[in-house]
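Chain residues, written in single-letter form:
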Amino acid sequence: MTEGEWVPAQPSAGRIEADSLSLRWWEPGDVAEMLEVVLASREHLRAFLPWATGYSIETAEGYLDRTREGVRTHRDFSYRVEDAATGELLGSAGLMARIGPRALELGYWVRADRTREGIATRAAAALTRAGLELPDVDRVEIHHDAANHASAGVPRRLGYTRAGEYGRAVRAPGQTGRAVRWVTGG
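Heads up: these notes are all about the structure in this document.

**Let's talk about helix α5 (residues 149-157)**
Right, so step 1: Taken as a whole, α5 has its buried residues at Ser-151, Ala-152, Gly-153, Val-154 and Pro-155.
Right, so step 2: Remark: Gly-159 follows α5 within two positions and exhibits a positive phi of approximately 85 degrees.

Okay, here's the thing in structure tokens:
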């Protein structure tokens, strides 16, 4: 972190209960289950998420280390998304301080065998509320590749405003090099 760099307040809860989902910050003990779910969903995820290619135990451990560091530095609040009744890992969602002052970017993924159940939408709704409740956050944004129509449905259903497109590097096989930006809040 550089001097003068904006750092958001931390969400008050490391656990959020929302609409049959439980979101909690990732813990070291989650690594084996995360590895299993990502490997089972690898083909589904790798189309738009470059980290899914070559995924390994080291990748999973590194990610969980970075999530703990992100919480410590108030830069990344990544949550394990699970079924509130069973504890089954359904995916991940997070708020990241990487798009400038007073704004958080929201990202999410869902395991392949549980898509089209509204999991990403419910998790994103809970994190949108949590982000906008922070005293120093005015807006939450969702960015996704223009070809990722499933991801586009989430901000649309939540009432985000489509704020345009921009170019970005292609890093995964399904990406087009065009990203769509959605905004809610101030």
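**With respect to the nonpolar core**
Right, so step 1: Ranked by internal contacts, the top residues of the largest apolar core, which has 32 residues, are Ile-16, Leu-23, Val-81, Leu-106, Tyr-108 and Leu-127.
Right, so step 2: Where this core is concerned, the elements lending two or more residues are β1 (15-18), β2 (21-25), β3 (76-83), β4 (89-96), β5 (103-110), α4 (119-132), β6 (139-145) and β8 (178-185).
Right, so step 3: Among the elements that line this core, the one with the most residues is α4, at seven residues.
Right, so step 4: Not counting residues within four places of it along the chain, the set of residues in contact with Ile-16 comprises Leu-21, Ser-22, Leu-23, Tyr-79, Ala-126, Leu-127 and Ala-130.

**Comments concerning the packing of helix α1 (residues 31-40) against helix α3 (residues 57-73)**
Right, so step 1: Remark: α1 packs on α3, axes separated minimally by 9 Å, with the N-to-C direction vectors making an angle of 125 degrees. Regarding the angle of α1 to α3, the classification is oblique. In the crossing of α1 with α3, the sense of the turn from one axis to the other is right-handed. Touching Val-31, Met-34 and Leu-35 of α1 are Ile-57, Ala-60, Glu-61, Tyr-63 and Leu-64, all from α3.
Right, so step 2: Of the residues that constitute the contact of α1 with α3, the class distribution is seven nonpolar, no polar and one charged.

**A short note on the sheet that holds β8**
Right, so step 1: If you trace the eight strands from one edge of the open sheet to the other, you get β1-β2-β3-β4-β5-β6-β8-β7, paired in mixed fashion. Looking at which strands have only one partner, the edges of the open sheet turn out to be β1 and β7 (161-167). Across the sheet, the mean angle from the axis of one strand to that of its neighbour is 25 degrees, orientation sign disregarded.
Right, so step 2: In this sheet, β3 lies alongside β2 in antiparallel orientation, the contact comprising five bridges. Paired with Arg-24 across the two strands is Arg-80, which belongs to β3.
Right, so step 3: Contacts from α5 reach β5, β6 and β8 within the one sheet, and its direction differs from that of β6 by about 155 degrees.

Basis of the calculations
- Residues numbered from 1 in each chain as written.
- Predicted model: local features only at pLDDT ≥ 70, side-chain atom pairs only at ≥ 80, totals over all residues.
- Heavy atoms only, no water.
- Buried < 20%, exposed > 50% of the residue type's maximum accessible area, 1.4 Å probe, protein only.
- Helix = DSSP H or I, 4+ residues; strand = E, 2+ residues; numbered from the N terminus.
- Core = buried A, V, L, I, M, F, W, Y, C linked by side-chain atoms within 4.5 Å.
- Contact = heavy atoms within 4.5 Å.
- Axes fitted to C-alpha atoms, helices over the stretch in contact; angles between N-to-C directions.
- Parallel < 35°, antiparallel > 145°, perpendicular 65-115°, else oblique.
- Left-handed = near helix turned anticlockwise from the far one by under 90°.
- Nonpolar A, V, L, I, M, F, W, Y, C, P; charged D, E, K, R; others polar.
- Pairing = 2+ DSSP bridges.

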